[in-house]
Structures are given as C-alpha cells and as structure tokens.
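Coordinates in review
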Amino acid sequence: MTLSQSILERQLSRPFKYFDQVDSTNDVAKAWLAAGAPEGAVVIANAQTRGRGRQGRSWRTPPNAALALSIILKPAKAHLSRLNMVAALSVYDLAAEVGCEELGIKWPNDVEINGRKVCGILPEALWEGGRLAGAVLGIGVNVRVDFKRSPLSGTAISLEDMVERRLDRAQLSASLLRRSKQWYEQIGAPVLHKTWKSRLTTLNRAVAVDGVAGVAVDALPDGSLLIRDDSGRIHQAGSGELYAHSDDEGR
Ligand code: BTN
C-alpha cells in the first residue's frame, strides 16, 4: 500500500504533514518548529529530492521505497546528544519487530543488518539567539530501496531484502513513531544509554573518526566515543551534527 495523507490519518494520532515529494523532511520540520509546531509533530514524505545525510552527504529517498520522516522534539539542552540513541534504538526495535536478525548499531547511529546500513539518522538542533528552540530528529529507513546495481550494494540493505515479504510503510511509520515516543520518554534515564551501548557493534574494534585512528574502548552517556590510539592516548569523539546550526552563543 502506498503512503497517503488519508492512510496516515488512520494510523497516526499526532499532528503531521505529509508530502508526496519534498526537498528534505528535516528542512520542512525545522521551518514548522520555528513557526511553533508542537512537540511530537512529524513531517513524512514518500520521496525526497534533496534528502540530507550526516557530514554534508546526500541521502537518497526514491518514491514508494523508504520511510523518510522528521520528528519535532523539545529536549533539554543536556539531552540533545542522546537523540541519536532514541532514533537508533527505535529503528533497531522496528527492524526486530518485522523479523530482521543480525542487527547492530554502528556508532553513532547507523542501524545495520549483517553489517549493512538499513537506516540513516540526522538529528539537528534549532537555536534562536543562543536559546534552544527545539530539535528535529530525521530518520530514513530503506524499506525496498533497490541497491543491486548501486555502488552502495555492498554496504546498504533494505528491510524487505531480509524479510522477503511486502511491508506496509504506513504501519511501519506508526510503529517507528510509537517506539521513538517510548524511547524519548527515557531520554534522561540510564536505560537509554545502557541499551544503546549494548547494541553497539563498534566497541573493541578499530575505528577512525575525524582523523583519529585507534580502538573504540567505550561509548559514554552523552553519546561520545572513546578511542585509544597506538600510543595509548584516549580521544573523545562526538557525533557533531547537533551543533552544526547553532550560533556562537549556543555552542
Ligand atoms: C546519514 O547520513 O546516515 C543520515 C541520513 C538521514 C536521512 C533522513 S531521511 C529523513 C530526514 N530528512 C533528511 O533530509 N535527512 C533525514
């Protein structure tokens, strides 16, 4: 079944905006947040023409093949960096619910199946004169994106590749939003970090983050990664994006 305004109206009990095609749900959600959207409101699209990924990369959302949504949230500033955990755990639970196995989270927020990426997460904060106005939590899930002839074929995967049946994207969206609400309610609780850390596949592995190479030795409650380099020095890496749009005061 395809996504539509009326199908989503039956599934969702929160304010939402649906677009058959949009540039980026994160951009629409940020504009809605700036215009006064309530917490929990969500922007959903069937396709994105300029979907954005981490570190300035683009994110592909072809029509009828994926989930692309951005949730508007108003967390405390101290909890901003834990939005990655909220989203990664929600997608992990969703993938498990539909029957996927061999799931893991690659730091900071890539949910993978057998080491291949099934979703992308882009949390972004909105600052107004040094005050945190809120955040948007952008989530893209590959449901039936065809990677066979793509350069990403070895590194990306879709849910339907694993479950070999047709999945309903409206139901998946509703379930993902329910799960993200539940995890968001735990944003300050130890269980959020504990569960995320227990599902990370990155620990005790060789990593290279922002020019620092070494072994990942721990993942802290603020979401940062501790890396021990060859000389035994410990470096702390944050995931960055949340501060990309802040002004100097907000940093
Ligand atoms: C990544 O690079 O892994 C993050 C990709 C995030 C993609 C999602 S799709 C919904 C939302 N809108 C965007 O433009 N990006 C995020």
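Please refer to the structure placed before this passage.
What counts and what doesn't
Residues numbered from 1 in each chain as written. Predicted model: local features only at pLDDT ≥ 70, side-chain atom pairs only at ≥ 80, totals over all residues. Heavy atoms only, no water. Axes fitted to C-alpha atoms, helices over the stretch in contact; angles between N-to-C directions. Helix = DSSP H or I, 4+ residues; strand = E, 2+ residues; numbered from the N terminus. Parallel < 35°, antiparallel > 145°, perpendicular 65-115°, else oblique. Left-handed = near helix turned anticlockwise from the far one by under 90°. Contact = heavy atoms within 4.5 Å. Nonpolar A, V, L, I, M, F, W, Y, C, P; charged D, E, K, R; others polar.

**Topic: the packing of helix α3 (residues 83–97) against helix α6 (residues 190–199)**
- The contact between α3 and α6 brings their axes to 10 Å, and the two run at 60°. Considered as vectors, α3 and α6 are oriented oblique to each other. Crossing of α3 over α6 shows left-handed handedness. Where α3 approaches α6, its residues Met85, Val86, Ala88, Leu89, Tyr92 and Asp93 are matched on the opposing element by Leu192, His193, Thr195, Trp196 and Arg199.
- For the contact of α3 with α6, the class distribution of residues is 7 nonpolar, 2 polar and 2 charged.

**Digging into the packing of α3 against helix α5 (residues 169–184)**
- At a minimum axis distance of 9 Å, the contact between α3 and α5 shows a crossing angle of 135°. Compared by their axis directions, α3 and α5 come out oblique. Where α3 crosses over α5, the two elements pack in a sense that is right-handed. The residues of α5 that touch α3, namely those facing Leu83, Val86, Leu89, Ser90, Val91, Asp93, Leu94 and Glu97, are Leu172, Ser175, Leu176, Arg179, Ser180, Trp183 and Tyr184.
- Taken together, the residues of the contact of α3 with α5 break down into 9 nonpolar, 3 polar and 3 charged.

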